Structure formats: structure tokens, C-alpha cells
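# Residue-level structural notes
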2 protein chains.
Amino acid sequence: MRGNEEMEFLLEASDSATRARAGRFRTAHGVVETPQFMPVGTVGTVKTLTPAELWEAGARIILGNTYHLYLRPGLEVLQAAGGLHRFNGWNGPILTDSGGFQIYSLNDLRQVNQEGVEFRSHWDGSTHFFSPERVVDIQRVIGSDIMMVLDQCIANPSDEAAARQAHLLTLDWAQRSREHFLRQKPLYGFPQLQFGIVQGGVYDHLRKESVRELVAIGFDGYAIGGLAVGEDARTRNRMTELCTDLLPENRVRYLMGVGKPEDLLDAIARGVDIFDCVIPTRNARNGWAFTRTGKVVIRNARYRSDFAPLSADCRCFCCTHFTRAYLHHLFRVKEMLGYRLLTIHNVHFFLSLMRQARRHILDGTFQDFQNRFLESYFTHQEKGR
Amino acid sequence: MRGNEEMEFLLEASDSATRARAGRFRTAHGVVETPQFMPVGTVGTVKTLTPAELWEAGARIILGNTYHLYLRPGLEVLQAAGGLHRFNGWNGPILTDSGGFQIYSLNDLRQVNQEGVEFRSHWDGSTHFFSPERVVDIQRVIGSDIMMVLDQCIANPSDEAAARQAHLLTLDWAQRSREHFLRQKPLYGFPQLQFGIVQGGVYDHLRKESVRELVAIGFDGYAIGGLAVGEDARTRNRMTELCTDLLPENRVRYLMGVGKPEDLLDAIARGVDIFDCVIPTRNARNGWAFTRTGKVVIRNARYRSDFAPLSADCRCFCCTHFTRAYLHHLFRVKEMLGYRLLTIHNVHFFLSLMRQARRHILDGTFQDFQNRFLESYFTHQEKGR
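The rules behind these values
- Residues numbered from 1 in each chain as written.
- Chains lettered and ligands numbered in written order.
- Predicted model: local features only at pLDDT ≥ 70, side-chain atom pairs only at ≥ 80, totals over all residues.
- Buried ≥ 20, exposed ≤ 12 C-beta atoms within 10 Å, placed from the backbone.
- Helix = DSSP H or I, 4+ residues; strand = E, 2+ residues; numbered from the N terminus.
- Right-handed = clockwise from strand over helix to strand, strands pointing away.
- Pairing = 2+ DSSP bridges.
- Axes fitted to C-alpha atoms, helices over the stretch in contact; angles between N-to-C directions.
- Domains from an automatic or database assignment.
- Contact = placed C-beta atoms within 7 Å.
- Nonpolar A, V, L, I, M, F, W, Y, C, P; charged D, E, K, R; others polar.
- Left-handed = near helix turned anticlockwise from the far one by under 90°.
- Least-squares fit on C-alpha atoms with pLDDT ≥ 70 in both.

### Some points on the pairing of strand β13 (residues 221-224) of chain B
Residue and element names in this part refer to chain B. Residues of β13 alternate between two faces, with G221 and A223 on one and Y222 and I224 on the opposite face, all of them buried. The parallel pair strand β12 (residues 193-198) and β13, bridged by helix α8 (residues 204-217), forms a crossover whose chirality is right-handed. Two strands pair when backbone bridges link them, and β13 and strand β14 (residues 252-255) are joined in this way by four bridges, in the parallel orientation. Following the sheet pairing, A223 is matched in β14 by Y254. In the classification by handedness, the crossover that spans β13, the intervening helix α9 (residues 233-246) and the parallel β14 is right-handed.

Written out as C-alpha cells, the structure reads:
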């Protein structure tokens, strides 16, 4: 074994009314059923939660940020630990991004050239250099189940020339990333997988070219990048569909950085399999809970003496143990337990949404499910949404 | 039933070499074995932890702060919830202090007179008035198993005149508190208990007079107040012993606001039964872990690649699941999970210390245990203690 096993996506069902699909794929740390959502564990930890709580909330794969992990705890510690799984105690699958998005979003002083990208640490201002090859090496040390190639992400809207330049650089880096990946062995005795990333801004011809060239290189899965960075939902949906149209059926499709519940269902209907986003966890810490009847802003005074659970039909640890009044109090006095409990609830909500979507795809009732979900979700929204 | 059952302390064993004693007492929410330590749940929550985690860490009784609970969530919410147990989900015993200490420590603008004390909320500056009777009423609404009388706490050292004045006011308030308590019924169908508080500064004759007068009034238990507020350990120990000498054997003795592990053992050796202190929880959030071989300051760079548990012989959730290196990382990147895990460990450490002390008192080996503990604890301390 080279240690680089090609990953096959097993298609279990395709929806007849939409492009939604249900399937599964295997990683070294477990099988992932799709559609699936990955909670974000920025520096190795999905904020406030233990691995056991994550699992109980329904998480089956999490995302780690290469940029953050490279800076803290750093490669020396991760290698000494035997990789991220050993370090943080999460024994399920982990996908790591390439650091490209953080360099784009956190660094005003980044310098991109053909060779790679120079950036400064947001912790201490120290200078670092990521090349496509270096990013593969770093993810070998992290020991993620799925690694992403280094790409160049640009804001939407960008003009066609800028989008083309980023697309061509991303393709060149993808080729180098794949070659470097295939030359190497993993460090911890289990195989890792590598996904390519489609770029091309909001330009149809660039997106198509990006997909075709990436597929020609050949990856274990394909991500759609450069979306959820400023464009409207209609454009995002069009770009997504344009990509899934051309991507091979037997490879997993990952829409990076998306999104809100309605966005996830939109993308699933267009043939996307997996997602990551900070929304459930970050919004939880801001006191915003997701429910089937829309958002609940728990700091709102109306919840002061509301002794019902956050969501009556929810089976998560938060909803089965605590009241809105208590959660309201915890946020009012800034107790960490409040951030924890809403995080558990929101992660559970997103993963439950994925499980329901999957079941309805398998049953052939996805579109009806999507319509009913959206109706309930938007009809009952708290005012001020 | 009046709802005010007198509480009997059942003495199980007295140490022959010290004044240490092991016993138990009954509250409406369960029996408490002594010596015992109460983690502090300031606004109803032992910071970062769920009730189930508290129980797993060994907590069998927790403390809530009347001052804080009165301000947030407030009496209206607590009464609507059916008391603090229903509100926060902790079904074990709860003791509430009287608010006296917070008014003393948080309020520069407090005004004390014979009737009571006026103070300003540290949240919004609003003005409030606590009388001895009002504090009983508030604790009826909170529904704690054990309520404390309003006392006047002063700093150590204070001159004899100030200490005498505070002592006499505290006694007058104690009499009023007890009368008001006995005239009333609890609100939620279970009996509550009331403890008096000994004051008297560091003056032997005032402490003795305070104990005698309080015992003449007759409470369900007695607290030693006005210590751990600036005096040295020798003085605190002398005052403690002077009080326990005079307190009745069949009532529980509570040393308020103490303390570090060595202080707890000192006080147990002088006949104290129960304690509360923010040290295990507050220090945890500052990255200070207690172990049998002294403190571990987890942010210290020496733990960066230390893949041993925090404490090799500890069975807590933190030590059985995570390494020092991971905890060091969590604190370095300010992840809330780090505060949680160290809180679990420290609470477990303090409660395990109490269980061990109890077992050694029952076995007649307390003094040897205390000596061995202190030797290990101070010999191996991290440098810079």
C-alpha cells in the first residue's frame, strides 16, 4: 500500500425532482454518510465541546484549520503527539483546509506569487511561507483524513481578469499539490485523501475550465471554493450547479464555507454532498439558536421567564435538560455554560437537518421536505430577522 | 410540619490525635457526608459545568450567592421557576450565603445601619436594601436547602471597636433572622435550614461571646465568618479552634470562604465540617491545576509537548481523556474547553481530598494522612510558587 488510497463515493440514491444525492464514503477514521455537515474545530477543538459531546450531538466528521494548527500548537507538537486525532481525542474523520482561506481573510499583508504565499501570523506578526507542497507536508503532520490543496481565494465580486489569474494559479498549485501528495507517504500508518478546489469566481467559463482541469489531474474528491465570500444566493446556487453538473458522480462534492440551513438545502438540491461552516458554533456563542421554527435570540427579554425548552421537538442535551429562561440567564450573566449549551443545540440542529435530508433523499421525498422545512423556518421567524 | 425541621449533625468518628471529625447531616435534597467542600455556583452555575459534570466530579452540595441571584436572574424568575433547583437543574443540596460578604467585597458605596444595609448593584448601579428579614425572604424564594443569616463582615485587621460593633450588629441581626425564619414557611414544599454566623474579628473574647450568643439563639448549624479576609494562617487557625471549642457537637460547623488544600486540612484538624471557596474553580480558569504534588501552571512552556495527564493518579474526566500538552494548547489559544477541563479536575481534586480526609478520620489515621499530603504537596511544588 502506498498509503494513498483513492476514495470512491458510493452513490446510494439520487432524487428524481432535484439533483440531490445520498451516499457514503470511507476514510481512515470511519465512514461518512452524506449529505453531511462538518462542525469547525479551528485550532483542533470545536469551541466549548469535548469529542464525546460532539459525537452525541451527531457530528461524524469535523474540520480543522491548517493555518491555525500550523501556528498553534505548531507542527513540532502535532508530530510529537502522533497527529491531531491523538492530540485532541477526536477519533472520527477530520478534514483540514489548506490555509488559503485564512490567509485570504486574516492577512492584509499577504504576498502571493507563483511559488506560494507569504503571510504574517495573526498571533505575533511573524512571517511564514506556504507553498502547495509545504501545505501537503503540513497536513501530513496534522494527519487529517482528508487534506485540501492550497488555492487562491478572492472576494466576490472580482473582475474577470483577477478571477482568471486566481483560477490559473490555483490550477497550477493543484497540479503541484497532487504530484507532491502522490510522491509521499502518510506519517501515522493510515491513508490520507486529497481534494482539489474549484475556483473561477462568478464566471461560468472559468468555473467550467477549473472543474475540467482539476478532474483531469484527478483527486479523491472536489471542493467548490470561492463562494460564500460576498456573492448573492442566486449567483452561488448557479455557480454550484454549474460545477456539480461537470463533476464526476463517483467523487464526493464539498461546498466550502456554506452555510445557513436554507443554503445547505439549496446546495444539496444541486448535488453537493458535504459542507463546513462556523455559523452553528459562532452564532451559538452570540446567543443565536437555530430551530425548525426559525432563529431564537436567547438574550431577548421575552425568554426571561419562559420555562419551555429552546425547541420543543429537539432531543439534544440542551433541550432535554434546560429551559429558555435558564439559557437566557446564562447569556445575561455571560456564563460559559450558555455558550456550550447553545453550541450543542446548534450543532445538533445542523446535523439533524443533514440526517433528515438524507432520509428524504433515500425516500424520494427531498423536495417536499425542503419546502416544508423552509415554510416552517421562515413563517415563524422571530421578528427582526 | 412547620417546614422548618431542626437539623441534627450525626457524628460518626472523632480523631484521637486532632479535633477532626467525620459525620453526616440531612437536607431536603440529600445527605451530606463530612468533611465536605462546596463548589461555588455564584449565579446558580458552577462556572463552565453542567449539573451532571459536577456530580461526576464528586460534588454533593454546592453554594449559591444570594446577592448575585437576587440581582440576576432576580426573584421573579426564581419564584416562577419554582426555586433554584428547578431553575439550574442541580438536584442535590444547595447552601446560599446571605449576601453580606458580596456587599462587603463588591460595594464601595454600601451604607450599614441597625436596620440593614443599602448597596448598589455591581451590574447597573441601582440601589437595593437588605435587612436580616429580607434576606430570609429572598432565600425562601431561592429555595436553598440551607440559608445563612445576614451578617456584617469586616476586613482583618480591624481594631477592637470596629470588630465589636460588627459582632454586636451581627448578633442583633441573627436574632431577628431566626425569629423571622421561624415565623415563616418555605415556598416549595420542602424544609429549609438556617445557619448562624460567628463574627468577632481576631479578638478572642468577641469570638467567644459571638459563639455563646448564637448558640443561645439556636440555629441548625454554625458558620465561622470573618476569616480568610486578610489575616494570617496562624491567626485563622487560632480563631477557628477557639470557635469549634465552644460550638455544640451535634451541629455542623462551616468555615466560610476557606480555602487552599492545606487550609482545609488545618481547619478539619480543628473540628470544621464544611467549606466553600472559589479557589478550585477560579484558579482553574486562570490555568492553575491542583495535584497531589503541588500546583501545575498549565500555561508554562514546559508542558508544551508533555503528553502525560495533568495528574497521573487522578481519575477525573480531564486526566483520563486529555494530556498536559493539549490543555497547554487550549489555554494558549484561549479555548473555553480548557477552562472546563481544569475546573473539572480542580473540583474533583478538592472533593477527593475531602473524601480521603473523611476516610482517614473514620480509620483513625487523619494526622498521618495530613502530614503525608503536605509533604508530597509542598516538596514537589512547581518553582515560583
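Resuming the write-up.
### Quick notes on the sheet that holds strand β2 (residues 21-27) of chain B
Strands in a sheet are paired, the pairing made by backbone hydrogen bonds, and the direction either parallel or antiparallel. Residue and element names in this part refer to chain B. Spatial strand order, β1-β2-β3: three strands in an open sheet with antiparallel pairing. Only two strands of the sheet have a single partner each, and these edge strands are β1 (9-14) and β3 (30-34). On average, adjacent strands in this sheet sit at an angle of 15° to one another, irrespective of strand direction. For β2 and β3, the ladder comprises five bridges, and the chain directions are antiparallel. From the neighbouring strand, R26 faces β3, where its bridge partner is V31.

### Thoughts on the domain arrangement of chain A
Residue and element names in this part refer to chain A. What the domain assignment lists for chain A is domain 1 (22-277) and domain 2 (284-379). The interface is formed by 21 residues belonging to domain 1 together with 23 residues belonging to domain 2. Looking at the side of domain 1 that touches domain 2, the elements with two or more residues in it are β3 (30-34), β4 (36-38), α1 (51-56) and α9 (261-268). Here the side of domain 1 that touches domain 2 is composed, by residue class, of 12 nonpolar, four polar and five charged.

### A few points about the packing of α8(B) against α9(B)
For any two helices packed against each other, one specifies the inter-axial angle together with the distance between the axes. Residues and elements named next belong to chain B. Relative to each other, α8 and α9 sit at 30°, their axes nearing to 9 Å. Handedness of the α8/α9 crossing: right-handed. Together, D204, R207, K208, V211 and R212 of α8 and M239, L242, C243 and L246 of α9 make up the contact between the two elements. The residue inventory of the contact of α8 with α9, partitioned by class, reads five nonpolar, no polar and four charged.

### Notes on the interface of chain B and chain A
Residue-level contacts link 29 residues of chain B with 29 residues of chain A. Secondary-structure elements contributing two or more residues to the side of chain B that touches chain A are α3 (75-81), α4 (84-88), α13 (324-332) and α14 (336-363) of chain B. Among the elements that make up the side of chain B that touches chain A, the one with the highest residue count is α13(B) (five residues). In terms of residue class, the side of chain B that touches chain A is built from 16 nonpolar, eight polar and five charged.

### Brief notes about the relation of the copies chain B and chain A
Superposing chain B onto chain A takes a rotation of 180° combined with a translation of 0.0 Å along the rotation axis, leaving an RMSD of 0.0 Å. Here the two chains are linked by the operation of a two-fold rotation axis. Closest to the rotation axis within chain B is the C-alpha of B:M336, separated from it by 3.7 Å. Same-surface contact between copies: 100% of interface residues of chain B are shared with the interface of chain A.

### Topic: the environment of A:P157
All names here are of chain A. Structurally, P157 is set in the loop between β11 (146-148) and α6 (160-183). A C-alpha to C-alpha distance of 32 Å links P157 and T291, two positions 134 residues apart in sequence. Residues in contact with P157, not counting those within four places in the same chain, are V202 and G230.

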